[in-house]
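# Close look at the chain arrangement
Below are the chains, spelled out letter by letter.
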Amino acid sequence: MVTFAVSKEKEEALRQKMESLGVYEKDIIEKFIRSSGKGGQKVNKTSTCVYLKHLPTAIEVKCQQERSQALNRFLARRILADKIERISYKENKDIIEKLVNITNFSRKIGLILGIIFVSISILVILNTVRLAIYTRTKEIEIMRLVGASEIFIRIPFIIEALLYALCSTVLSLFLIWLGLHFISPMITRYLGDVSLDMQGFFLQNIGWIFLLELLVSCIISVSCSVISMGKHLKI
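This section reports on the structure supplied with the text. (Residues numbered from 1 in each chain as written. Predicted model: local features only at pLDDT ≥ 70, side-chain atom pairs only at ≥ 80, totals over all residues. Heavy atoms only, no water.)

### Considering helix H1 (residues 8-20)
For H1, with 13 residues, the first-to-last C-alpha span of 18 Å sits near the 18 Å given by 1.5 Å per residue. Looking only at H1, the buried set comprises Glu11, Leu14 and Met18. Buried residues of H1, viewed axially, fall in a sector of 65°; they line one side. When the buried face of H1 is taken as reference, the exposed residues oriented beyond 90 degrees from it are Lys8, Glu9 and Ser20. Immediately beyond the C-terminal end of H1, within one or two residues, lies Gly22, with a positive phi of roughly 75°. (Helix = DSSP H or I, 4+ residues; strand = E, 2+ residues; numbered from the N terminus. Expected span 1.5 Å × (residues − 1). Buried < 20%, exposed > 50% of the residue type's maximum accessible area, 1.4 Å probe, protein only. Arc of directions from axis to C-beta.)

Structure below.
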């Protein structure tokens, strides 16, 4: 990018903004015109006015705000970038609003479903552990009679809870993938030209998702198991 009579920070900010909008120097026609109006004889006789035309959008900009040609070149590019940004937002306004609505809706639904599923999981695990303890009452009594420690009695139930967590994690990942497999085409049709590959994102990050979900499942399962044993086992 060309240099101007401004600070490096302002030049860098302008460069980043133009790159983010896809505006490049090779696509800009620049001309220098003699300024008119107030400013004195020097301004009116020198080519300090800057004219820019962005070829892809056919947007034209003229700037003669300052007495310096270099400074007007900078200001003209900033005005051009602002115009292109406003036009780009206007053209994509409907799509942006759709994405915002989908994001807000998904966040709310995800939070509600998350609370519901966690609550159901806790109830199911608690009842499962209680049932397991009830069916093994005689076995537990025998272990007590032979002098088994509390840890020795608890460990089988904790291991069982961890296995439940692993199975539930694998099952939930499969159900999420299956849901995205059917939902993604509908989202694509709704958004039109916008590409939102939710299934691809899920598959690319499935390792991290698996570890995080497994960790949460293990914490919930082990906690419920310990609580249930502490309440129903007099050890």
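Here the narrative resumes.
### Comments concerning the nonpolar core
With 16 residues, the main nonpolar core has Met18, Val23, Ile28, Leu52, Val61, Ala76 and Leu80 as its most contacted residues. Where this core is concerned, the elements lending two or more residues are H1, strand S2 (49-54), strand S3 (59-63) and helix H3 (69-91). Top element by residues in this core is H3. It accounts for 6 residues. Leaving out residues up to four positions away in the same chain, Val61 has contacts with Val50, Tyr51, Leu52, Ala76, Ile79, Leu80 and Lys83. Listed in part, the 12 residues of the second largest apolar core include Ile125, Val129, Ala132 and Ile153. (Core = buried A, V, L, I, M, F, W, Y, C linked by side-chain atoms within 4.5 Å. Contact = heavy atoms within 4.5 Å.)

### A closer look at the layout of surface pockets
Each pocket or cavity is described by its volume, and for the largest pocket that value is around 1,500 Å³. In terms of lining, the largest pocket is formed by 34 residues, of which the most central are Gly114, Phe117, Ser172, Ile176 and Glu213. For the lining of the largest pocket, the elements supplying multiple residues, two or more each, are helix H4 (93-135), helix H6 (150-191), helix H7 (198-204) and helix H8 (206-232). Grouping the constituent residues of the lining of the largest pocket by class yields 22 nonpolar, 11 polar and 1 charged. (1 Å grid on protein atoms, 1.4 Å probe; cavity = no way out; pocket = protein on both sides within 12 Å on 5 of 7 lines; lining within 4 Å. Points joined across faces, edges and corners; volume = space filled by probe spheres on them. Nonpolar A, V, L, I, M, F, W, Y, C, P; charged D, E, K, R; others polar.)

### What about the side chain of Arg77?
Mapped onto the elements of the fold, Arg77 is located in helix H3. Polar contacts involving the side chain of Arg77 include one to the main-chain carbonyl oxygen of Arg73, which spans 3.2 Å. (Polar contact = N/O pair within 3.5 Å; in protein donor to acceptor, adjacent residues only side chain to side chain.)

### As for the environment of Ile220
Along the chain, the position of Ile220 falls in helix H8. Using a relative accessible area of 17% as the deciding quantity, one classes Ile220 as buried. Separated by 59 residues in sequence, Ile220 and Ala161 place their C-alpha atoms 9.0 Å apart. When neighbours within four sequence positions are excluded, Ile220 is seen to be in contact with Val118, Ile122 and Ile125.

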